[in-house]
Amino acid sequence: MNGTIRVGNLFGIPFYIHPSWFLVLGLVTWSYSSGLAAQFPQLSAGLALLLGLMTALMLFASVVAHELGHSFVAIGQGIDVKSITLFIFGGLASLEKESKTPGEAFWVAIAGPLVSLLLCGIVTAIGVTTTASGPLAAILGVLASVNLALALFNLIPGLPLDGGNILKAIVWKITGNPYKGVTFASRVGQIFGWVAILSGVLPLLFFGNFGNFWNLLVGFFLLQNAGNAAQFARVQEKLTGLTAEDAVTNDSPIVSANLTLREFADERVISGQNWHRFLVTDDDGQLVGAIAVDNLRTIPTALWSETQVKEVMRPITESTTVQSDQPLLEVMQLLEQQKLSVLPVIRENGVLVGILEKAAIIQLLQSRTQPNPA
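Just so it is clear, the structure is predicted and the values come from calculations on it, not from any experiment.

Draft legend 1. Quick peek at the sheet that holds strand β3 (residues 81-87). Strand order in this open sheet of four strands is β1-β2-β3-β4, and the pairing throughout is mixed. Looking at which strands have only one partner, the edges of the open sheet turn out to be β1 (5-10) and β4 (90-95). Between one strand axis and the next, the sheet turns through 25° on average, direction left out of account. As defined by bridge partners, β1 adjoins strand β2 (residues 13-17) across five bridges and the pair is classed as antiparallel. When the sheet's bridge partners are listed, Gly 8 is paired in β2 with Phe 15. In the packing of helix α1 (residues 19-39) onto the sheet, the strands contacted are β1, β2 and β3, and the crossing angle to β2 comes to about 65°.

This is the structure in structure tokens:
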């Protein structure tokens, strides 16, 4: 995770905090402690600060509960939740993959706001039934109103907010195309982003008022993330229907395990091929290992003619290969997750097809983006 701090697990889900969260925690604590001190002068400064900190922590606990709502529904659909992260704008549950149907996507998206509305109702009921008064009543009122605001804000129908994911699911259901749903919801998110930016910039320009500065930050957040979602959806759509075999590099660096090191050097290295690592196959064409040019240095040159490639090669595990019929989008995500640039592609029977390079996927995307000549 970029710059985040892992603080443990929540129900088996890795839990992270971004450093910006501590700044927000301090500001929220100061704000609410100052408000309580002004509203209830009988409170000592230390008690007001403690109550402010407790309020801030309960507010962030509400954000975590919101994200757990998304997470539990996703887990119920067989989707792994990679992490939950608290950051300056709230929380984020990172899911392994998308839901399979628009109906399932709808329930994952709406689960968070429903949890926030439920918490608002529970806290309000506690305040009413217990006839709480004084600082306790004030804290309960803050918790109820913030959970209500959290639900309503996230229901704004634009990505990356929950409302945008709900809108995406609806458009997906109507059109039958999940990428059209993402594109439409992203555009709506960008519109709300510009509205938020203008609501922050105009008072600043005309009146010197910084009161809506938070709107400016939220606007940039919406604009950037909505744009990223739309861009990724376009990539997904272009890769739909393609498999790993479609992006295999022509004339991939493959050598027979039975070649001698001298033959390997003459045919593959000295002949001018620029590869530094070659995949090794047996007589049936199955992948059995890999050999790097640097491995030749471990064997004296005088022994090259009597030493075979299979004696020097390194084994390759199944975890570092992909099946030829595996969707190319999954392969691209695998390359990104494992920070790889190359993967061997094999058939179900273990026969090697060739190598797949990240650069080849990019070239394939570019070729599919270019208009066809008339």
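Draft legend 2. Spatial organisation of the pattern of salt bridges. In this structure the tally under the stated criterion is four salt bridges. The closest approach of N and O atoms between Arg 297 and Asp 294, which form a salt bridge, is 3.7 Å. Asp 294 gets classed as partly exposed once you look at its relative accessible area, which sits at 48%.

Draft legend 3. How the structure looks around the pairing of strand β9 (residues 342-346). Most of β9 is tucked away: four of the five residues are buried. As paired strands, strand β8 (residues 322-323) and β9 are joined by two bridges and run parallel to one another. Bridge pairing in β9 places Val 322 opposite Val 345. For the segment spanning β8, helix α10 (residues 328-338) and β9, crossover handedness is right-handed. The pairing of β9 with strand β10 (residues 352-357) spans five bridges and is antiparallel. Residue pairing across strands places Pro 344 opposite Ile 355, the latter belonging to β10. Hairpin geometry of β9 and β10 is characterised by an intervening segment of five residues between the two adjacent antiparallel strands and by a positive phi of about 90° at Gly 350.

Draft legend 4. Highlighting helix α2 (residues 45-76). Compared with an ideal rise of 1.5 Å per residue, which puts 32 residues at 46 Å, α2 spans 46 Å between its outermost C-alpha atoms and is within 8% of the ideal. Following α2 by one or two positions, Gly 78 adopts a phi angle in the positive range, close to 80°.

Draft legend 5. Seen up close, the environment of Lys 238. Inspection of the secondary structure assignment puts Lys 238 in helix α7 (residues 213-239). Sequence separation of Lys 238 and Leu 356 is 118 residues, and the distance between their C-alpha atoms is 17 Å.

Draft legend 6. A look at the nonpolar core. Core analysis: the largest hydrophobic core is formed by 33 residues, its most contacted members being Phe 15, Trp 21, Leu 36, Phe 60, Ile 84 and Leu 86. Secondary structure elements with two or more residues in this core: β2, α1, α2, β3, α3 (102-129) and α4 (134-154). Here this core takes eight residues from α2, the largest share from any one element. Apart from the residues within four sequence positions on either side, Trp 21 is in contact with Leu 57, Phe 60 and Leu 86.

Criteria and thresholds
- Residues numbered from 1 in each chain as written.
- Predicted model: local features only at pLDDT ≥ 70, side-chain atom pairs only at ≥ 80, totals over all residues.
- Heavy atoms only, no water.
- Pairing = 2+ DSSP bridges.
- Helix = DSSP H or I, 4+ residues; strand = E, 2+ residues; numbered from the N terminus.
- Axes fitted to C-alpha atoms, helices over the stretch in contact; angles between N-to-C directions.
- Contact = heavy atoms within 4.5 Å.
- Salt bridge = Lys/Arg side-chain N within 4 Å of Asp/Glu carboxyl O.
- Buried < 20%, exposed > 50% of the residue type's maximum accessible area, 1.4 Å probe, protein only.
- Right-handed = clockwise from strand over helix to strand, strands pointing away.
- Expected span 1.5 Å × (residues − 1).
- Core = buried A, V, L, I, M, F, W, Y, C linked by side-chain atoms within 4.5 Å.

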